[in-house]
Amino acid sequence: MKLEGRIAIVTGGTGGIGRAVCDRFTAEGAKRVVVVDREEPRYPLLPGQEFRQGNVADPEFWSALVAELEGRFGSIDVLINNAGIIDHTPLHEVELDKWNEVIAVNQTAVMLGMRAVIPGMLKKGKGAIVNTSSIWGTVAVEGVASYHASKGAVRHLSKNAALTYAKRGIRVNSVHPGLIRTPIVDQQAEEKNAWVIAQTPMGHMGRPEDIAAGMLFLASDEAAFITGTELYIDGGYTAQ
């Protein structure tokens, strides 16, 4: 049991990668997995899981959530900043409202989540944070300007936090999924998905469970000497 007795928050937790992470954490002995999403789950939660509906880009949501959980459990052990949205618009056509929405969910929410849990982790002298970036937070394709900007920011913000808190017991890492079979990917044009698969050396999409396995490792004590790293789970996409 790699997470026995621990308290974890997982954003974007009701589907795709987030659900796989929640279920894997529960299977690995987490005492409580708090499933955060803007939409209610369409399936029964497992024992030890509880749902919180809210906007991860709202600082008041984070303040209330963390205060409640710390009041009940003492501290947060693991934070998985996984919530994310995508917009395929090229830069010269981006509407400011849509840009701000993507930045708010993909980038600002990551900062807010970390800002909320880190004080409690500092008091305990221990904590693990994993932020979901993307292969497109490191390498580029045409279009998706706001997504590139936000996921690139997550990559570097994770490194900043890792260095800032390395001597105080808090580890911060980023995970960079390739093309994974999720609801977001299912909504993309088939032509785009086929193109990404063609660029992926392993020649197929990954599964949410593949990402959950990597996040479990980084959240557990098996990764006790790992901080500030980027874990690419992408079928070889970024090795080229």
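Residues numbered from 1 in each chain as written. Predicted model: local features only at pLDDT ≥ 70, side-chain atom pairs only at ≥ 80, totals over all residues. Heavy atoms only, no water.

Under an unreviewed UniProt entry, the name given to the protein is Oxidoreductase, and the source organism is Pseudomonas frederiksbergensis. In the Sequence similarities (unreviewed entry) part of its UniProt record, the protein is described as follows: "Belongs to the short-chain dehydrogenases/reductases (SDR) family." (UniProt positions renumbered as here; feature names shortened; annotations may be inferred.)

Engineer: Lay out the environment of Leu231 in plain terms, naming residues and giving numbers.
Structural biologist: You can see Leu231 is positioned in strand E7 (residues 230-233). A relative accessible area of 27% places Leu231 in the partly exposed class. In sequence terms Leu231 and Gly125 are 106 residues apart; their C-alpha atoms lie 24 Å from each other. Those residues within four positions of Leu231 in sequence are excluded, and the remaining contacts are Ser174, Val175, His176, Gly214 and Leu218. (Helix = DSSP H or I, 4+ residues; strand = E, 2+ residues; numbered from the N terminus. Buried < 20%, exposed > 50% of the residue type's maximum accessible area, 1.4 Å probe, protein only. Contact = heavy atoms within 4.5 Å.)

Engineer: Residue-level account of the environment of Pro59, with values.
Structural biologist: Assignment of secondary structure puts Pro59 in helix H2 (residues 59-73). A residue is classified by how much of its surface remains accessible, and Pro59, at 36% relative accessible area, is partly exposed. Through-space distance from the C-alpha of Pro59 to that of Arg207 is 31 Å; in sequence the pair is 148 residues apart.

Engineer: Give me the lowdown on the UniProt feature "domain: Ketoreductase" (unreviewed entry) in the protein, citing residues and values where you can.
Structural biologist: As recorded in UniProt, the feature "domain: Ketoreductase" (unreviewed entry) lies at residues 6-183. Span residues 6-183 is 44% helix and 19% strand, its end C-alpha atoms 28 Å apart.

Engineer: Outline helix H4 (residues 145-165), listing residues and values.
Structural biologist: Counted at 1.5 Å a residue, the expected span for H4 with its 21 residues is 30 Å, and the 31 Å between its end C-alpha atoms agrees. Against the buried residues of H4 lie helix H3 (96-124), strand E5 (127-132) and strand E6 (170-177). (Expected span 1.5 Å × (residues − 1).)

Engineer: Lay out the side chain of Ser134 with the relevant residues and their values.
Structural biologist: Its place among the elements puts Ser134 in the loop between E5 and H4. Other than its neighbours up to four places away in sequence, Ser134 contacts Tyr147, Lys151, Val175, His176 and Pro177.

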